[in-house]
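Here are the chains, one letter per residue:
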Amino acid sequence: MAAELMETLKEAITGLSPTTFFTVFATGVTVYYILSVFFMRGLSDHRQQHSPMSSEEEDVQSRSMASSSSSSSHPLKHEVFLSFRGEDTRRNFVDHLYKDLVQKGIQTYKDDETLPRGERIGRALLKAIQESRIAVVVFSQNYADSSWCLDELAHIMECVDTRGQILIPIFYYVEPSDVRKQNGKYGKAFSKHERKNKQKVESWRNALEKAGNLSGWVIDENSHEAQCISDIVGTISSRLSSLNTNDNKDLIGMETRLRDLKLMLEIGSGGVRMVGIWGVGGGGKTTLASAAYMEISHLFEACCLLENIREESSKHGLKKLQEKILSVALKTTVVVDSEIEGRSMIKRRLCHKRVLVVLDDVDELEQLEALAGSHDWFGEGSRIIITTRDKHLLSSRAHTNIYEVSLLSYYEAIKLFNRHAYYKDKPIEDYEKLSLRVVSYAGGLPLALKVLGSFLYDKDKDEWKSTLAKLKCIPEEKVMERLKISYDGLEPYQKDLFLDIACFMRHNYSLEMDEAMMVLDACNFYPVIGLKVLEQKSLIKVSKYGFEMHDLIEEMAHYIVRGEHPNNLEKHSRIWRWEDLRYLCDMGAAAPSMENEVLASFAMYYRSSHPGLSDVVANMKNLRWIKWDWYPASSFPSNFQPTKLRCLMLRSSWQETLWEGCKSLPNLKILDLRESKSLITTPDFEGLPCLERLILWGCESLEEIHPSIGYHKRLVFVNLTSCTALKRFPPIIHMKKLETLILDGCRRPQQFPDIQSNMDSLVTLDLSRTGIEIIPPSIGRFCTNLVSFNLSDCPRLKRIEGNFHLLKSLKDLNLYGCIGLQSFHHDGYVSLKRPQFPRFLRKLNLSWCKLGDGDILSDICELLNLQLLDLSGNNFSRLPSRISQLPCLKYLNLTCCARLAELPDLPSSIALLYVDGCDSLEIVRDLSYYKWLWKVTLGRMIGGERVLLSMLEFIEPHPWFNPTYTKNISFQMANELKYMINKGLNDELVHLKCMIMNDNGLNVELVRSKSKIGDLNEHPIDYSECWDEEYEDNKTFEITYDSKSSEIQILWEHR
């Protein structure tokens, strides 16, 4: 047939002009192609009834849609377009199909339902077809009679070919072959069309042929229509879900986050689950929630996505949102008269439905209570997704899981930026470095990447460079305003707290975390609760090392401080840049009155100062905090009177005096002048009535402390460490709130300050490295609540007078190196003739006190609470036998007791034993009895092997703790002897660690790890039995308990 056609064409074109020839030729090729396709297809007339289209066809159409939809000029407004012959199916099959589609939450276009009044039917329908993802064509018996239906079908097939639209045919009481070949009623219909619409017939035939070749549903007298409709709706829903999944894959960085969120949602499991998506503003919370909604909504009976609840509730109230959630979920108009009624209606109407609800941008607890007050408001299998910047809203609700959305990785950020800046995944040549600078600035924040990328699109290189230069001084306003939403929701004191942290404490490495907390507390910012709120608002993160926040959050704080007066520095609440302060100093006398609240500098290069600095500071009347390192030598002028000042921190300053005379600073709480090496005298404290913390350590030239300090009733903490020129501390008259007094390293004072009234608040007294000779009886009389007393390295100390031993609260006494302490002397020999120590002591350090035999009598064993005893560096050869009767002793240090010949019996509670450097020690008793002994250090001695083996003897079992030795032990002694032990008993673990100390001694560590606990109610865990206070600042190990696995682990800090 093809050959005959070509011969006919050959005869017809003879003698034609070239233009006519080529026109005829092109027409012939087109006809030839159509006929070839027609004869090559050998499809069967009947498809498998009630089956969706084949997977191969799905893949082809999916790929087509993916490739073409992005280039489409029409947005996809509808999910399904229904094409049908009204007189055949409008009031039965199509009506039921449409209802089920809508109830499933599928946006469906049906001309009599969706077509707006007044629209021209033809144009509106064609547009609706183009704006639909899927076209469902119901081929009924009279479908082909309608030229209107055939026009719809032709346009649908065009969209299938050019736009990747998916076509699902339904053969309703017609044979697919009749549709494809135009037989039966379709043939009769086309006979009529041949006469009336001859110019369209060919395109209609082609459309019917293509549609008839697709797999779909055949519905006849043997079909159950309800089941068929259910299957059709299910397939459409599944197809839409897969299309949405493909769309989500195009959302950069979303695929893994969406997978994690779906795991948390536990789709398909029972119960009602609420999951909150929490994170920084602009971090992708809404995008993630919307992507999840699009992908899983087809699995629920009803769905609703409420966007921008924060803004909508403020504009229209919660009642309107309640109406929306009910109307969308129920597919009908619902009117709510009051918020209380709305809550009841949501619970009553949705408690039996499996619903998916997304509540986007929630910022108040009242919003959650009004829209999703409880799990029992929704039916079995329901899922509620909440996006918020405030973690507290989620944690305050029981059984709400929290998903913290992470920022984009470096590579994800580059890809997202390129997508918006170039509309492609790779940057244009020569723009790579500029792109990386922008990405670095955005710090993985999707909002910033999109805004900056879109702004830089179509800009040249110079404009890019100009934008980057601008961002250093003026941030992108759209980004700042979005981030500022979290700040706007704070209370006033929380706002000040946040701004102080962002402007002064984020990169401040000279301010320790506990110091920062004290400053913030002094400013009445209530940091304990305030920091929690800032963390929950995704503004900061708090660790033991300091404060962390996103760079753009910090930039937002600077943006807020500049506020409405970016060029008027005198109106800024905070000054933190040297160039800004220098500008104010340059203004001199012309400077207006300044409204600054905080003045701070931390960097080393701020040592250089401006001659007008003091005058400028004096002009800042609203200052509440000054932090200035290496402040110049000039004293503050007489007009320096910041009555709101709460913290004055002038570390390493060059001033000799702060100011002349008495200055009234009624709110000052912290005065920190540490390492101000030129400071000679302190100010008069009478003008500082609220002062709580005075820090003067390292002030080497300080000679005098103003006597008014002795009358100060509010001081809590005084630190004078290493004030080597200080002659004396004034008499203490009324310092009733003083808790800590540190005179460590003040060598010149020979007398302790005279105490003339009760100091019940004093708990820490440090007189180490001082020249004090006598501890007066006033200590025992007035400091009755003293807990820690440090007299270490006081070689001039002769005696402790009075009823010192009656200090019932004293727990820690350090007498290290007190070699001249005469209270312990008797007939020229050091002696403890009677118990001189408070009976409740837990730690006692008598190391390097030249104690000999008989100087430690058995009376020391009256200290029944003693846990740590340090006797190292003394001259005795033996210890009293009653030392074994100290029931709580855990730590015994006998290091460098060169004359010690033997060890007595030890308390059964002993955990750490140090006897290295005891060159005369020959007898070491069997250590297998001491079940809590886990570390022993021995010097170079014979018998180390026996000590090791005795520690490996079977230990008397505890009711819930039976040891097991399961770790390899390897150690080396002088004779190269090696032991490899791998011994196991029961269920518990003990790790043994042995090592040589400089080839001169043996260090044995026996570590118990409770890995299995029985009935915790019957045998509660007593962590005190695994005792360790070897290191004051850092524990040797930390015991952790995992409630899920019932395991206890020992985490080592020191080896």
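Residues numbered from 1 in each chain as written. Predicted model: local features only at pLDDT ≥ 70, side-chain atom pairs only at ≥ 80, totals over all residues. Heavy atoms only, no water.

### Structural notes on helix H8 (residues 147-163)
Step number 1: End to end, H8 covers 23 Å across 17 residues, agreeing with the expected 24 Å (1.5 Å per residue, within 8%).
Step number 2: The complete set of buried residues in H8 reads Cys149, Leu150, Glu152, Leu153, His155, Ile156, Met157, Cys159, Val160 and Arg163.
Step number 3: Sitting at the head of H8, Ser146 places a side-chain oxygen 3.2 Å from the backbone nitrogen of Trp148.
Step number 4: Looking one or two places after H8, you find Gly164, whose phi comes out positive at around 75°. (Helix = DSSP H or I, 4+ residues; strand = E, 2+ residues; numbered from the N terminus. Expected span 1.5 Å × (residues − 1). Buried < 20%, exposed > 50% of the residue type's maximum accessible area, 1.4 Å probe, protein only. Polar contact = N/O pair within 3.5 Å; in protein donor to acceptor, adjacent residues only side chain to side chain.)

### What to know about the sheet that holds strand S1 (residues 78-83)
Step number 1: Judged by pairing direction, the sheet is parallel, and its 5 strands sit side by side in the order S2-S1-S3-S4-S5 without closing on themselves. Pairing within the sheet leaves two strands with one partner each, and these edge strands are strand S2 (108-109) and strand S5 (217-219).
Step number 2: As defined by bridge partners, strand S3 (residues 132-139) adjoins strand S4 (residues 166-172) across 6 bridges and the pair is classed as parallel. Looking across to S4, one finds that Ala135 is bridged to Leu167.
Step number 3: Strands in contact with helix H5 (residues 93-103) are S1, S2, S3, S4 and S5; relative to S1, the strand with the most contacts, it is inclined by about 175°. (Pairing = 2+ DSSP bridges. Contact = heavy atoms within 4.5 Å. Axes fitted to C-alpha atoms, helices over the stretch in contact; angles between N-to-C directions.)

### Some thoughts on the side chain of Glu323
Step number 1: As for its placement among the helices and strands, Glu323 is situated in helix H16 (residues 318-330).
Step number 2: Judged by relative accessible area, Glu323 falls into the buried class, the value being 12%.
Step number 3: Excluding residues that lie within four positions of it along the chain, Glu323 makes contacts with Val334, Val335 and Val336.

### So, the pairing of strand S31 (residues 912-915)
Step number 1: Judged by which residues are buried, S31 turns out to be covered on both faces: Leu912 and Tyr914 on one side and Leu913 and Val915 on the other are all buried.
Step number 2: Here strand S30 (residues 891-893) runs beside S31; their pairing, made up of 3 bridges, is parallel. Counted as the bridge partner of Asn893 is Tyr914 from S31.
Step number 3: Bridge count for S31 against strand S32 (residues 935-938) is 4 bridges, and the pairing is parallel. For Leu912, the partnering residue across the bridge sits in S32 and is Lys935.

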